[in-house]
Amino acid sequence: MDSDLRAQLERAVGEVDAPPSNRFEARRRARGAVEAAEALLRSEGYYQPLLEDVVEGEETPVAIVDVTPGPRFALTDPIINWIDPPPAPALQEDVLGDLELRAGEPGRAVDVIAAEGRIVAGLTRQGHADARAEPRRVVVDHAALTVEPTYNINAGPLVRLDGVRLETRGPTNPNWVAGLAPWSAGDVYDPEDVAELERRLLDTGVYDGVGVALAPADQTLPDGNRPVVVTLTDRPRRILEAGATFSTAEGSGVDLIWTWHNRFGRADTLVWQARAADVDSRLGVNLRLPHWRRPGRTLRLSAAVLNEDTDAYRRTAVALAADLQQRLGKTSWFSYGLGLDAGRYDENRFDPVTQAPINFERDLFILTGRGSAYLDYSNDPLDPTTGWRLTASAQPTAVTGEDTTMFLRAEAQATAYLPIQDNARTVLAGRVRLGSILGGEELTVPSDRLFYSGGGGSVRGYEYQGVAPRLPDNTPRGGLSLVEFSAEVRRDLFRNFQGVVFVDAGSVGFDQAPDFSNMRYGAGFGVRYKLPFGPIRADIAFPLDKRDGDADFQIYVSIGQAF
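Described below are features of the structure shown in this document. (Residues numbered from 1 in each chain as written. Predicted model: local features only at pLDDT ≥ 70, side-chain atom pairs only at ≥ 80, totals over all residues. Heavy atoms only, no water.)

## A word on the overall build of the chain
Test applied: A helix here means a DSSP run of H or I that spans at least four residues, while a strand means a run of E at least two residues long, and both kinds are numbered starting from the N terminus. Taken over C-alpha atoms, the radius of gyration is set against a globule rule of 2.2 Å times the number of residues to the power 0.38. The cut-offs for exposure are 20% and 50% of the maximum accessible area for each residue type, with area from a 1.4 Å probe on protein chains only; residues under the lower value are buried, those over the upper are exposed, and the others partly exposed. The contact definition used throughout considers only heavy atoms, calling two residues in contact when any of these lie within 4.5 Å. In short, Shrake-Rupley with a 1.4 Å probe defines the accessible areas, and a residue's cover is counted only from the protein chains shown.
Scanning the chain for helices and strands turns up 6 helices and 25 strands. Relative to a compact globule of 563 residues, whose C-alpha radius of gyration would be 24 Å, the chain shows 34 Å and is clearly more extended. Projected onto its principal axes, the C-alpha positions of the chain cover 100 × 75 × 40 Å. Across the 563 residues in the chain, those meeting the buried criterion constitute 42%. Pairs at least 24 apart in sequence give 56% of the contacts found in the chain among residues at least 6 apart. Accessible area of the chain: about 28800 Å², with a carbon and sulfur share of 55%.

## A few points about unusual backbone geometry
Geometrically, the link from D84 to P85 is a cis peptide bond, its omega value of 0° lying close to zero. Relative to the helices and strands, P85 resides in the loop between β4 (79-83) and α3 (89-97). Positive phi values are uncommon outside glycine, yet H291 reaches one of about 55°. Within the element layout of this structure, H291 appears in the loop between β13 (280-289) and β14 (297-309).

## Regarding the packing of aromatic side chains
Here is the rule we go by: Centres within 6.5 Å make a pair out of two Phe, Tyr or Trp rings, where for Trp the six-membered ring is used; the pair is then stacked when the planes are under 30 degrees apart, edge-to-face when over 60, and tilted otherwise. Two thresholds decide whether a charge sits over a ring: the Lys NZ or Arg CZ must be within 6 Å of the ring centre and within 35 degrees of the ring normal.
For the coordinates displayed, the defined rule picks out 12 aromatic pairs. Note on Y313 and Y452: the rings are 6.5 Å apart at their centroids and 40° apart in plane angle, and the pair reads as tilted. Taken together, the positions of Y313 in strand β15 (residues 313-328) and Y452 in the loop between β20 (426-438) and β21 (481-492) put the pair 139 residues apart, joining distant regions of the chain. The class for Y313 is buried, based on a relative accessible area of 7%. On the basis of relative accessibility, which here comes to 14%, the residue Y452 falls in the buried class. Members of the aromatic cluster, joined through ring pairs, are W258, W260 and W272. In this arrangement the basic side chain of R460 is found over the ring face of F502, its NZ or CZ atom lying 3.8 Å from the centre.

## Quick word on the nonpolar core
Selection criterion: Joining through side-chain atoms within 4.5 Å is the link that ties buried Ala, Val, Leu, Ile, Met, Phe, Trp, Tyr and Cys residues into a set, and such a set is a nonpolar core.
Formed by 22 residues in total, the largest nonpolar core has its most connected members in L197, L201, Y207, V212 and V230. Put simply, the parts of the chain that give this core at least two residues each are β7 (160-166), α5 (174-179), α6 (191-203), β8 (207-214) and β9 (225-234). Counting residues per element, this core draws most heavily on β8, which supplies 4 residues. In contact with L197, not counting residues within four places along its chain, are V164, V177, L180, A181, P182, W183, V212 and V230.

## Some points on the environment of P191
Examined against the element boundaries, P191 turns out to sit in helix α6. Residue classification places P191 among the partly exposed positions, given a relative accessible area of 23%. Sequence separation between P191 and Q413 is 222 residues, and the spatial gap between their C-alpha atoms is 38 Å. With residues near it in sequence (within four places) discarded, P191 still touches T124 and R125.

## Observations concerning the pattern of salt bridges
If the charged atoms of two oppositely charged side chains come close together, the side chains can form a pair. Our working definition: Take a side-chain nitrogen of Lys or Arg and a carboxyl oxygen of Asp or Glu: if they are within 4 Å of each other, that pair is a salt bridge.
Under the counting rule described, the total for this entry stands at 56 salt bridges. A salt bridge links R349 to E347, with the shortest nitrogen-to-oxygen separation between them at 2.7 Å. Here R349 matches E347 in class, with each residue buried. Measuring nitrogen to oxygen at the nearest pair gives 3.8 Å for the salt bridge that ties D545 to R520.

## Section: the side chain of S447
Checked against the element boundaries, S447 lands in the loop between β20 and β21. When near neighbours in sequence (up to four residues on either side) are disregarded, S447 contacts Y313, Y345, E347, R349 and Y452.

## What about the side chain of H128?
Mapped onto the secondary structure, H128 falls in the loop between α4 (109-125) and β5 (132-141). Those residues in contact with H128 that lie beyond four places of it in its chain are P87, L91, L123, A155, G156, P157 and L158.

## Some remarks on the sheet that holds β9
The condition is simple: Here, any two strands with at least 2 DSSP bridges between them count as paired. Angles here are taken between N-to-C directions and fall from 0 to 180 degrees, while the axes themselves are lines fitted to C-alpha atoms, restricted in helices to the stretch in contact.
Pairing in this open sheet of 3 strands is mixed, and the strands run β7-β9-β8 from one edge to the other. Looking along the sheet, the strands with just one partner apiece sit at the ends: β7 and β8. Pairwise comparison of adjacent strand axes, ignoring direction, gives a mean angle of 20° for this sheet. Pairing between β8 and β9: 7 bridges, direction antiparallel. The residue of β9 that forms the bridge with G211 is T231. Contacts between α6 and the sheet are confined to β7, β8 and β9, with β8 contributing the most and set at about 165° to the helix.

## What to know about helix α2 (residues 23-43)
Rules: The span one expects for a helix is its residue count, reduced by one, times 1.5 Å. Polar contacts, as counted here, are pairs of nitrogen or oxygen atoms within 3.5 Å of one another; within protein the pair requires one atom able to donate a hydrogen and one able to accept it, and residues that are adjacent in sequence qualify only if both atoms are side-chain atoms.
With 21 residues, α2 ought to run about 30 Å at 1.5 Å a step, and its terminal C-alpha atoms sit 30 Å apart, in line with that. The secondary structure elements touched by the buried residues of α2 are α1 (3-13), β1 (50-56) and β2 (62-68). Where α2 begins, the capping side chain belongs to N22, and its oxygen is found 3.1 Å from the backbone nitrogen of F24. Downstream of α2 by one or two residues, G45 has phi in the positive range, about 95°.

## Let's talk about the packing of α1 against α2
Helices that pack against each other are described as a pair by the angle of their axes relative to one another and the distance between those axes. Where we set the bar: Orientation labels follow simple angle bins: below 35 degrees gives roughly parallel, above 145 gives roughly antiparallel, 65 to 115 gives roughly perpendicular, and whatever is left gives oblique. In a left-handed crossing the near helix is turned counterclockwise from the far helix by less than a right angle, and in a right-handed crossing that turn is clockwise. Basically, the charged four are Asp, Glu, Lys and Arg, the nonpolar ten are Ala, Val, Leu, Ile, Met, Phe, Trp, Tyr, Cys and Pro, and anything else, Gly included, counts as polar.
Relative to each other, α1 and α2 sit at 135°, their axes nearing to 9 Å. As far as their axial angle goes, α2 and α1 are oblique. In this structure, the crossing between α1 and α2 has a hand that is right-handed. Judged by residue contacts, L5, Q8, L9, A12 and V13 of α1 engage A33, A36, A37, L40 and L41 from α2. A class-by-class count of the residues in the contact of α1 with α2 yields 9 nonpolar, 1 polar and no charged.

Below is the structure:
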């Protein structure tokens, strides 16, 4: 007997927890095993098996099923009977090509049934939305040792689409929903188009539920077209959120966020934000308009009055921004836009000419071109175990006011994930980040546009902005270039817990090219508790080349992996 067939038989017969107590029980079990073995053999194309139930032993009876599979029956060419009206001859040929049943192959029941499903699916993809299979007929010829399947297929009429019919009450504008449809009136039905409309509505993030389906056949319009019915379940129109944060590195803060959904009837999101914090306080508003003038493109508008107070600088400013983001596939995108900042800077800087610290205040107007791209080929947004990601941005910037300069700020980051055991129980993860400012000088580039490193999202073990060289008063010195590396080993421990060990490295340089001569290193370990939406992480990290002013360790707690 073929070893695979024997393994299938063993699984079909199964096991029990205890031996039979008498011969009667053993006989009953053997007969049940015969029935299970016969069902499996017939499904695999063995229609002439020899099966016998046997009981051996008196005091300790043993149930035995004796199996001789016999010959394996082979398929003949399948026959398709089209119930009137039949589809177009060309479509019939395409459907025959999708059968994947060939004369001479084993007559397995699962293959015969699957072929019928492929016929109906092929017709549906080609516009016959009502296609269905009537009862099939399969003839098993014991003399010729063959299996002859005959399929009775009702293709139904070719369906052409009309527009979109929104059937739920709510603020959403029906004309806006109709504009998202990837078809025009009279186009042949394609289930992928209907699924794409559903994806576009779900992408907006303002609906708890989205239903998109072809209207029933009895709702066909006089012109022969059929509409697509859309049902939407709205999220709460107003959501008020409050939160508080505390960090030994970045201080404390409180947030108040008021979100309005669908204010303008086109799945928009308007967010009002108020934050009071040690490092970044602001009053702001953000407007997100999905599918702006074309599917997959999102317009983002923002305005904020902010006050930043970091170790490196203080800034009070008004910030305006407008960006267009175009989706590429399910999770990748690129964006472009403009930003305008106007504010007062109070900066502790390093003068490369005098080689001495300098403090100055200046009013600046900053116009920034904003271009970025994100490619995501990983398997999970919060807990990736395989694949890679790439982020890149370029910001041409013009500064005027009490100082004038122009420069280009460019940055890129790549991460990769490699599972090294079955089911990704152990994962190697790596990160590389590079940045450079071209055309600007350290003293004239605004402090908030310089590069800094250190903290939970960069080099762990150091406080926020703590990797760069410092001025005599311990102020972090921003640079014109940046390089960072991270490596992690993530290992599943038990239940929902995961252990992690990591090493981070980073350097801030004062030329356009990254500087590898003043690298700082941190290392540590952490735990992850995996929840359905992603892991909660807690890390403790230690600086490996501690300087005066560096803490002995840093603790980081957040949602999602470090990268």
